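# Residue-level structural notes
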Amino acid sequence: MAENNVLLSMREDRSFHVRYRMEASCLELALEGERLCKAGDCRAGVSFFEAAVQVGTEDLRTLSAIYSQLGNAYFYLQEYTKALEYHHHDLTLARTIGDLLGEAKASGNLGNTLKVLGNFEEAIVCCQRHLDISRELNDKVGEARALYNLGNVYHSKGKNVANAGTHDPGELPDDVKNALQKAAKYYEENLSIVTELGDRAAQGRAFGNLGNTHYLLGNFRSAVLAHEQRLLIAKEFGDRSAERRAYSNLGNAYIFLGEFETAAEYYRRTLQLARQLKDRAVEAQACYSLGNTYTLLQDYEKAIDYHLKHLVIAQELHDKIGEGRACWSLGNAYTALGNHDQAIHFAERHLEISREVGDRSGELTARLNLSDLQMVLGLSYSTNNSMMAESHAVENSLNGGRPRGRRYSMENMELMKLTPEKKSSRETMADEGFFDLLSRFQSNRMDDQRCCFQEKNRLSAASVATSSTPPKTMIKSFSTSVVSPHTDEFLELLASSQSRRLDDQRASLSELPGLRLRQRGNHAVLGHLVASSNRDLDDDFFDILIKCQGSRLDDQRCAPPGAAKGPTVPDEDFFSLILRSQAKRMDEQRVHLPSAIKGPSSS
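Described in the following lines is the structure provided in the data block. (Residues numbered from 1 in each chain as written. Predicted model: local features only at pLDDT ≥ 70, side-chain atom pairs only at ≥ 80, totals over all residues. Heavy atoms only, no water.)

What follows covers the overall build of the chain. When helices and strands are counted, the chain shows 24 helices and zero strands. Counting over 603 residues, the chain shows a buried share of 47%. Here the analysis covers contacts within the chain between residues at least 6 apart in sequence; of these, 65% occur between residues at least 24 apart. A total of about 31,100 Å² of accessible surface is found on the chain, and carbon and sulfur atoms cover 52% of it. (Helix = DSSP H or I, 4+ residues; strand = E, 2+ residues; numbered from the N terminus. Buried < 20%, exposed > 50% of the residue type's maximum accessible area, 1.4 Å probe, protein only. Contact = heavy atoms within 4.5 Å. Areas by Shrake-Rupley, 256 points an atom, 1.4 Å probe, with all protein chains shown as cover.)

In structure tokens form, the structure reads like this:
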């Protein structure tokens, strides 16, 4: 009997040492991964974290920290799908063990990742959960971060919709305005809390984003006030990159206030800092903004000087989009000065580059500019008619086949059909048959998509779903005449395939990577977890988020309509503002020809 007890004790000791060694290895690997990420080598850090997951652990708090850090590292590496996967694991684990604080932080991390992926509605749900839990726990720091994240999601949502159209700041659809107004509200609430906490760095971020939101809403005076505070805090911290962004944003706001001289001064400061920071792309952007500002001031000599500087840097950085935009701007400036030879040269170069990069909008603009110059000069090129015809085709393709009505004869336009054609009875029956199929296939699948943690729950849910499915005789419709006779077999095959995929996608404790629970110890491990454990590692994610998105968060400006982006072209280049300004002067720029000279024939 004694010998048996000794043998049992030896086995338990050996099992304990194996588990201890496994835990030590997992924790050591995770700590090394954290060290590498903090040193800036996230790729190597990910390798160690993944190795830690492979080894596994029984400590759910350690596993949660590894999930969070892996999500952070993948986010920094811009592998957002992997980041989403691990932040989702972290959230699942936190909810399973009842860790409210962990759930709040995981929800925030998940919301930030969903926002970057463009899943704004899901991101809002996650960030709102972060906010609700933080308020429930009276966690002011967490509440401030959740408010900031919600502001970012609504800002990105509004800007994403605005970029899909051709809107100037302040001239936005109602849904965009609503999103941006919510963003401003959340930023202001965040600002109130971080001011109370005395967090000046967070105040700077809030002021910057609040200024950008007011700018997009057309509240340019409010934008100026916010960006002036952002500038002040950037100077306090010696953050020259943030200071440069603040100068640029102030210049943008003053442009739309019509105070072009003040805008030019801020752009000159932007240019000076860009040169000090040795950032050639930003230097080119500042030159481009200055060129546009002097165009609006009708100081075309200075405008040409800055646009030529922009052109040189764009060529140096192999930025064809920027080079094309520089040529477009130079062509306009030379036209205003009456130097039509240079204007035609740069307009033709703009056309060549637009063709080269496949910029259909730029190609159309270049063709119209060349057409204007030819009409101004009274030239009759042999290629003029074919060029105009091709220009007409390009414009129609860009506008969904609808002519915009610029200098084209109405004889070449087809009347639009203002009323849709009536569908045939067979098409109507086909549509009804399709929707009948859809409803039959998707009905009662909600239970199949639920998350469960035990196999018996999964089976019971499946049996409930099966039993609740109405018999086939009850779901027949009058539209079966347009449905294939093999529809039922097809649906059964598809449902079987889908159900297997749904089972593969279910979240369960046994499917969390790296979780090593002994069969006898599951309940004991879960029962001894401390729900209020504070994971400071999530602070690193917030820092990474700010570093990764800092320039984008403080540089969220409206994009020029229909323009591709290049590294030397700023987000805001006053495209439509300059076009409006120059359209008013087009007639003033024309050369009055002697009456004996006729323009190109219209035949």
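Taken N-terminus to C-terminus, the directions of helix α4 (residues 80–97) and helix α5 (residues 100–116) make an angle of 160°; their axes are 9 Å apart at the nearest point. Judged on the interaxial angle alone, α5 and α4 are roughly antiparallel. Every pair of crossing elements has a handedness; the one defined by α4 and α5 is left-handed. Facing Tyr80, Ala83, Leu84, His87, His88, Asp90, Leu91, Ala94 and Arg95 of α4, the residues of α5 in contact are Gly102, Glu103, Ala106, Ser107, Asn109, Leu110, Thr113, Leu114 and Val116. Split by residue class, the contact of α4 with α5 holds nine nonpolar, six polar and three charged. (Axes fitted to C-alpha atoms, helices over the stretch in contact; angles between N-to-C directions. Parallel < 35°, antiparallel > 145°, perpendicular 65-115°, else oblique. Left-handed = near helix turned anticlockwise from the far one by under 90°. Nonpolar A, V, L, I, M, F, W, Y, C, P; charged D, E, K, R; others polar.)

Below, the discussion takes up unusual backbone geometry. Non-glycine residue Gln78 carries a positive phi angle of around 65°. Under the relative-accessibility criterion, Gln78 is labelled exposed at 51%. Of note in the backbone geometry, Gln298 takes a positive phi value of approximately 60° without being a glycine.

A word on the pattern of salt bridges. Going through the model one piece at a time under the given rule, you end up with 26 salt bridges. Across the pair Arg349 and Glu323 runs a salt bridge, and its minimum N-O distance is 3.1 Å. Separated by 26 residues along the polypeptide, Arg349 in helix α16 (residues 340–357) and Glu323 in helix α15 (residues 320–337) bring together distant segments of the chain. Using a relative accessible area of 6% as the deciding quantity, one classes Glu323 as buried. Across the pair Arg349 and Glu352 runs a salt bridge whose closest N-O atoms are separated by 3.1 Å. Highlighted residues: Arg349 and Glu352, both in helix α16, separated by three residues, approximately one helical turn. A relative accessible area of 24% means that Arg349 is categorised as partly exposed. (Salt bridge = Lys/Arg side-chain N within 4 Å of Asp/Glu carboxyl O.)

Here the focus is the nonpolar core. Residues Tyr215, Ile255 and Leu290 are the most contacted members of the largest nonpolar core, which totals 32 residues. Of all elements in the fold, only α8 (174–197), α9 (200–217), α10 (220–237), α11 (240–256), α12 (260–276), α13 (280–296) and α14 (300–316) reach the threshold of two or more residues within this core. The next biggest cluster of nonpolar side chains, apart from the first, holds 31 residues, and it includes Cys127, Ala146, Tyr154 and Tyr187. (Core = buried A, V, L, I, M, F, W, Y, C linked by side-chain atoms within 4.5 Å.)

In a regular helix each residue adds 1.5 Å, so 17 residues correspond to 24 Å; α12 covers 24 Å between its end C-alpha atoms and thus fits that length. Along α12, the residues classified as buried are Phe260, Ala263, Ala264, Tyr266, Tyr267, Thr270, Leu271, Leu273 and Ala274. In this fold, the buried residues of α12 make contact with α11, α13 and α14. Looking one or two residues beyond α12, the residue adopting positive phi is Lys278, at roughly 55°. (Expected span 1.5 Å × (residues − 1).)

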